[in-house]
Amino acid sequence: MKNSQKIRVMVLYGGRSGEHEVSLRSAASVVRNLDSQKYEVIPVGIDPQGEWVLSTQVDKDQVLLIDRNSPRVTLSLQPTLSGVGVIRLVSNGQGPGSTEEFSSQEFDVVFPVMHGPLCEDGAIQGLFELADIAYVGCGILASAVGMDKEIAKKLLQDTIPVVPYLALRPDAWKRNRAELGQRIVDELQYPVFVKPANMGSSVGVHKVKDPSQLEAAVQDAFRFDSKILVERGLQVREIELSVLQDLDPAQPPRVSIPGEIVPKHEFYSYEAKYLDDEGAKLLIPAQLDSSQVKIAQKMAQQAFQLLGCEGMARVDLFIDQESGQKNEGFYFNEINTIPGFTSISMYPKLWEHSGISYPALLTQLIELAIQRHQAKKKLVRKLS
């Protein structure tokens with residue numbers, strides 16, 4: 001049982017995803033910035049093989065590590081009779097610090113700081129729902145839809161412009177490579193961007209300038225996903241906005257000021273984001289006029305609401321530098337339902353520049369999670 005009046009927050013990070021390393025940095029920032037007067041923090045990492053471990057190690061690069069010598073834990077999905085759902089983490093007796101005392105600990109809310117498939121796509125959110133536990137961020141449906149770039153675009157394209165694209169699957173590509181290659185020429189033209197449909201952090205993304213580069217880019221993208229997108233390579237600026245659900249359910253979600261990514265690489269690649277300290281310049285606020293700011297904020301709010309998001313999301317837009325016609329040249333690019341939380345990530349930085357500090361942002365997200373969980377408790381689950 002809880003031996004403290006503090007809310008116990010399980011910061012869950014890592015995961016079986018190509019974005020595993022990014023999660024380690026995000027989680028370290030979250031742990032450092034959670035209000036220690038309000039919260040007792042229990043970091044739990046999921047290693048690349050899917051094992052859950054206790055972890056408190058932060059290295060010199062401010063990465064929350066997953067220590068192989070830490071106790072392994074297994075999940076016990078047992079909602080409490082008090083009506084407050086928890087996940088108990090039970091030590092399996094391995095590693096130092098593996099004690100019976102830990103096996104009785106309970107968690108009030110989970111803060112998932114994981115990115116990519118099995119982490120951000122509704123899978124882990126389904127586990128939380130089954131366990132009857134409060135958790136930060138979007139629910140199952142919005143998480144799944146937001147993770148799949150094609151489905152998100154299909155749902156939004158009647159309201160918000162999207163960049164023209166084709167979706168490809170491995171079998172279809174093998175059977176109809178020539179036909180699909182010609183469609184890319186006819187419908188999209190070169191250059192194009194090839195990207196996995198269900199990844200983030202620019203993992204597996206390639207800019208393809210001519211047909212001779214297409215096959216290699218497609219095969220690499222298929223390493224990360226069973227569906228990929230080929231998008232028209234417009235000359236665009238990358239605009240990002242943070243969206244935060246209001247604590248008052250009657251109020252619309254709040255939208256931050258826009259920020260702009262100015263990559264020093266050819267595009268905002270994984271290397272530019274995480275491997276090159278000078279890979280991109282973050283402009284906050286973005287260099288937009290007041291009319292463009294309003295349009296961008298409205299589009300971000302619409303995307304959040306139309307996709308059924310809760311808690312938080314970062315909405316990424318493109319603005320076409322050439323046409324500048326419909327909607328001032330804005331296009332929806334993608335939505336991130338668990339955006340990056342590193343010290344340089346746009347989601348918290350945009351809110352800091354919009355008047356909400358990092359610790360206050362985390363507090364509101366946890367309060368929203370508990371509020372939603374309590375509201376669900378009031379729903380009728382049986383008719384008898």
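Residues numbered from 1 in each chain as written. Predicted model: local features only at pLDDT ≥ 70, side-chain atom pairs only at ≥ 80, totals over all residues. Heavy atoms only, no water.

## Focus: the overall build of the protein
(1) Moving on: Broken down by element type, the protein carries 12 helices and 17 strands.
(2) Moving on: For the protein, contacts bridging at least 24 residues in sequence account for 66% of all contacts bridging at least 6.
(3) Moving on: Of the roughly 17,400 Å² of accessible surface on the protein, 49% is carried by carbon and sulfur atoms. (Helix = DSSP H or I, 4+ residues; strand = E, 2+ residues; numbered from the N terminus. Contact = heavy atoms within 4.5 Å. Areas by Shrake-Rupley, 256 points an atom, 1.4 Å probe, with all protein chains shown as cover.)

## As for the nonpolar core
If you look at soluble globular proteins, the nonpolar side chains tend to sit buried side by side.
(1) Moving on: Within the largest apolar cluster, 27 residues are counted, with the highest numbers of intra-cluster contacts made by Phe111 and Phe341.
(2) Moving on: Listed in part, the 26 residues of the second largest apolar core include Val145, Val162, Ala286 and Ala303. (Core = buried A, V, L, I, M, F, W, Y, C linked by side-chain atoms within 4.5 Å. Buried < 20%, exposed > 50% of the residue type's maximum accessible area, 1.4 Å probe, protein only.)

## Concerning the sheet that holds strand S11 (residues 228–232)
(1) Moving on: The strand order across the open sheet built from four strands is S8-S11-S9-S10, with neighbouring strands paired in antiparallel fashion. Both outer strands of the open sheet, strand S8 (165–168) and strand S10 (206–208), are each paired with one neighbouring strand and no more. Between one strand and the next, the sheet's axes are offset by a mean angle of 25°, whatever the strand orientation.
(2) Moving on: Taken together, the three bridges between strand S9 (residues 192–196) and S10 define a ladder with antiparallel strand orientation. (Pairing = 2+ DSSP bridges. Axes fitted to C-alpha atoms, helices over the stretch in contact; angles between N-to-C directions.)

## Observations concerning the side chain of Asp220
(1) Moving on: Among the structural elements, Asp220 can be located in helix H8 (residues 214–222).
(2) Moving on: For Asp220, the side chain forms a polar contact with the side chain of Arg223, separated by 2.6 Å. (Polar contact = N/O pair within 3.5 Å; in protein donor to acceptor, adjacent residues only side chain to side chain.)

## Considerations on the packing of aromatic side chains
(1) Moving on: Summed over the entire model, instances satisfying the criterion amount to four aromatic pairs.
(2) Moving on: Seen in terms of ring centroids, Phe341 and Tyr358 are 6.2 Å apart; in terms of plane orientation they differ by 50°. Their pairing is tilted. One end of the pair, Phe341, is in the loop between strand S17 (330–336) and helix H11 (346–353); the other, Tyr358, is in helix H12 (residues 358–377), with 17 residues separating them in the sequence.
(3) Moving on: Classification of Phe341 by relative accessible area gives buried; the value is 0%.
(4) Moving on: Each member of the aromatic cluster is reached from another via a ring pair, and the members are Phe111, Phe341, Tyr347 and Tyr358.
(5) Moving on: The aromatic ring of Tyr135 is capped on one face by Arg372, whose charged end is 4.4 Å from the ring centroid. (Phe/Tyr/Trp six-rings, centres within 6.5 Å; stacked < 30°, edge-to-face > 60°. Lys NZ or Arg CZ within 6 Å of the ring centre and 35° of its normal.)

## A few points about the packing of helix H1 (residues 20–33) against H12
(1) Moving on: Orientation of H1 relative to H12, taken along the N-to-C sense of each, is 95°, at an axis distance of 9 Å. Judged by the inter-axis angle, H1 sits roughly perpendicular to H12. Contacts from Ser29, Val30 and Asn33 of H1 reach H12 at Tyr358, Pro359 and Leu362. (Parallel < 35°, antiparallel > 145°, perpendicular 65-115°, else oblique.)

## Considerations on H12
(1) Moving on: Here H12 contains 20 residues, and its C-alpha end-to-end distance of 29 Å stays within 8% of the 28 Å for a straight helix at 1.5 Å per residue.
(2) Moving on: The complete set of buried residues in H12 reads Tyr358, Leu361, Leu362, Thr363, Gln364, Leu365, Ile366, Leu368, Ala369, Arg372 and His373. (Expected span 1.5 Å × (residues − 1).)

## Structural notes on the environment of Arg254
(1) Moving on: Summarising the element assignment, Arg254 is placed in strand S13 (residues 254–255).
(2) Moving on: On the basis of relative accessible area, Arg254 is assigned to the partly exposed category, the value being 36%.
(3) Moving on: Taking the C-alpha atoms as reference, Arg254 lies 9.6 Å from Met312; in sequence the two are 58 residues apart.
(4) Moving on: Not counting the four nearest positions on each side in its chain, Arg254 is found in contact with Ser242, Val243, Leu244, Asp246, Trp351 and Ile356.

## Here we look at unusual backbone geometry
(1) Moving on: Cis geometry marks the peptide bond from Tyr190 to Pro191, where omega comes out at 5°.
(2) Moving on: Positionally, Pro191 belongs in the loop between helix H7 (177–188) and S9.
(3) Moving on: The linkage connecting Ile284 with the following residue, Pro285, adopts the cis geometry, with an omega of 0°.
(4) Moving on: Of note in this structure, Leu118 is not a glycine but carries a positive phi near 70°.
(5) Moving on: Looking at the element boundaries, Leu118 is found in the loop between strand S6 (109–113) and helix H3 (123–131).
(6) Moving on: Since its relative accessible area comes to 40%, Leu118 is described here as partly exposed.

## Remarks on the pairing of S17
(1) Moving on: Among the seven residues in S17, seven count as buried, and that is most of the element.
(2) Moving on: Bridging between strand S16 (residues 312–320) and S17 involves six bridges; their strand directions are antiparallel. From the neighbouring strand, Leu317 faces S17, where its bridge partner is Phe332.

## Structural notes on helix H4 (residues 140–147)
(1) Moving on: Of all the residues in H4, the buried ones are Ala142, Ser143, Val145, Gly146 and Met147.
(2) Moving on: Next to the buried residues of H4 lie H3, helix H5 (149–156) and S17.

## As for the pattern of salt bridges
If the charged atoms of two oppositely charged side chains come close together, the side chains can form a pair.
(1) Moving on: If you walk through the whole model with that rule in mind, you get 15 salt bridges.
(2) Moving on: Note that Glu129 is salt-bridged to Lys376, the shortest N-O span being 2.5 Å. Placement of Glu129 in helix H3 and of Lys376 in helix H12 is noted, with a sequence separation of 247 residues between them.
(3) Moving on: With relative accessibility at 29%, the residue Glu129 sits in the partly exposed group. (Salt bridge = Lys/Arg side-chain N within 4 Å of Asp/Glu carboxyl O.)

## Concerning the confidence of the model for the protein
(1) Moving on: Averaged over every residue, the pLDDT of the protein is 84; residues scoring 70 or more account for 79%.
(2) Moving on: The weakest mean pLDDT in the protein belongs to helix H2 (residues 100–103) at 45; the strongest belongs to S13 at 98.
(3) Moving on: Predicted confidence is poor over residues 96–104, with pLDDT under 50, and the contacts of this stretch with residues over four places away or in other chains come to 15 contacts. (pLDDT = per-residue confidence, 0-100.)

## Some words on the side chain of Glu334
(1) Moving on: Mapped onto the elements, Glu334 comes out in strand S17.
(2) Moving on: When neighbours within four sequence positions are excluded, Glu334 is seen to be in contact with Lys149, Arg314, Val315 and Asp316.

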